[in-house]
Amino acid sequence: MHRPHDLALPCGNSDGMKDLPHWAHHSAHYRVPQRRGSYCLTRKGRILVVLVLWLLQSAALAGAGEGKVRVAGSGWVVDAPTKIADRLGLFGGTSARPPVQVDYHASGLQAMRALLAGQAEFALAAPLPVAAAILEHAKAGEAPERAIVVLASVGMSNQSHYVVANRRRGVLEAEDLVGRRIGLPIHTSAHYGWYLHTVANGLDPRDMQLMDIPVDQHAHALQAGEVDAVVTWDPFGRQLLDQLGEQGVVFSTRQLHSVNWLLVTTRDLALDQPALVRRILYGYLQASDLIFRDPARARAIHAEATDLDVAELERMEQGVFWNVALNWAVLTNLEAQLEWLARERDPGAAAQPVVADYLHPAPLNALRPRAVMLPRHIFHRRNDHEATSP
């Protein structure tokens, strides 16, 4: 155990300086104004202070998530920027601290569940799972910092979602779906697309039975006769149609539904770690720029990451537009789907959450101002102004 004078001595005592090199005795670095009762550290004291500071820094880094930052992506074709950024190390590569790990899920709904369960720091999802998380947050009355926030849309598709049926089951027209079992993942973009499909074709949704089936199980469910049709997206939809061949029947939602692909995180992370948020966003900006400048190379990287044929992937990309933005399309899409979902869950509910409270434009605005096109007042909601520097 150290005695007190082992660690500090009165500043006028030369013993406190004897272990220093000769130049240190005359250095302004080491001179301390002499005051009554003041003390200077001995060599042991200085070593101990350095050790304590190092331990505190290590603990702080560990507490701040010095482990991997996890991005929950998806197999959906529109999630190409995540796969490209991951493959090319655009999130910072292995040398970045903290490093980024991308985990792929079958749907944005599953990715959002990972984020909400603390199993990911960022997630990619369509508006409906995001709207569901917003409703749950508002219903629970949680503090604002516990909310999710939308950082950007990294892509949009108006063709990837469609209804697929088997001709052998007697489904040839939209009216033939009445009284049938429809497989889809509940509370996903496919669910909202199905609602729009019924409205456009004059069908009553109550006349069909919805079966909650994950998109990666659609092919089995349809082939096994568990359902009569599925609402799906690529690449799963294309693969299913290839299996069905001439027996496949398609009802497109292209004219009805455009789906944003949203990058989401938690508000507390967005405000506490703005540099990390900008690093992730910058990775998406670089990936999106590559898709625009060199689509062939981007497609090859995407195909390698997904084990898909390049020609097949090019076919799936029809109707997909990649662009990192936070704009009116994101705002109105989220508002429409939140309103529909709230009505589905609780038709008598009055006030709904304000979507603008869940948008966080400051990081993207700092990196690429032209990518943010929103009403000015949204920039001043909550604490978005706290994270404006690049």
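A quick note: this is a predicted structure, and the numbers were derived from the prediction, not measured.

**With respect to the nonpolar core**
General note: in soluble globular proteins, nonpolar side chains tend to be found buried as a group.
No. 1: Counting residues in each nonpolar core, the largest one holds 97 residues, and the members touching the most others are F122 and V130.
No. 2: The element best represented in this core is helix α10 (residues 274-293), accounting for 9 residues.
No. 3: Look past the residues within four positions of V130 in its chain and what remains in contact with it is M112, A125, I148, V150, L262, V264 and L334.
No. 4: In this structure, A221, V227, L240 and L241 belong to the second largest nonpolar core, which totals 10 residues.

**As for helix α6 (residues 189-200)**
No. 1: For α6, with 12 residues, the first-to-last C-alpha span of 16 Å sits near the 16 Å given by 1.5 Å per residue.
No. 2: Within α6, 9 of the 12 residues are buried, which leaves it mostly tucked inside the rest of the structure.
No. 3: Taken residue by residue, α6 has S189, A190, H191, Y192, G193, W194, L196, H197 and T198 as its buried positions.
No. 4: G202 sits one or two residues past α6 and shows a positive phi near 65°.

**With respect to the sheet that holds strand β11 (residues 248-252)**
No. 1: Spatial ordering of the open sheet is given by β9-β8-β10-β7-β11, a layout of 5 strands whose pairing is mixed. Every other strand in the sheet has two partners, leaving β9 (209-212) and β11 as the edge strands with one partner each. Each neighbouring strand pair of the sheet contributes to a mean axis angle of 30°, computed without reference to strand direction.
No. 2: Direction of pairing for strand β8 (residues 181-184) relative to β9: parallel, over a ladder of 4 bridges. Within β9, the position partnered with G183 by the bridge is M211.

What counts, and where the lines are drawn
Residues numbered from 1 in each chain as written. Predicted model: local features only at pLDDT ≥ 70, side-chain atom pairs only at ≥ 80, totals over all residues. Heavy atoms only, no water. Core = buried A, V, L, I, M, F, W, Y, C linked by side-chain atoms within 4.5 Å. Buried < 20%, exposed > 50% of the residue type's maximum accessible area, 1.4 Å probe, protein only. Helix = DSSP H or I, 4+ residues; strand = E, 2+ residues; numbered from the N terminus. Contact = heavy atoms within 4.5 Å. Expected span 1.5 Å × (residues − 1). Pairing = 2+ DSSP bridges. Axes fitted to C-alpha atoms, helices over the stretch in contact; angles between N-to-C directions.

Everything listed here is a matter of geometry and, on its own, says nothing about what the molecule does.
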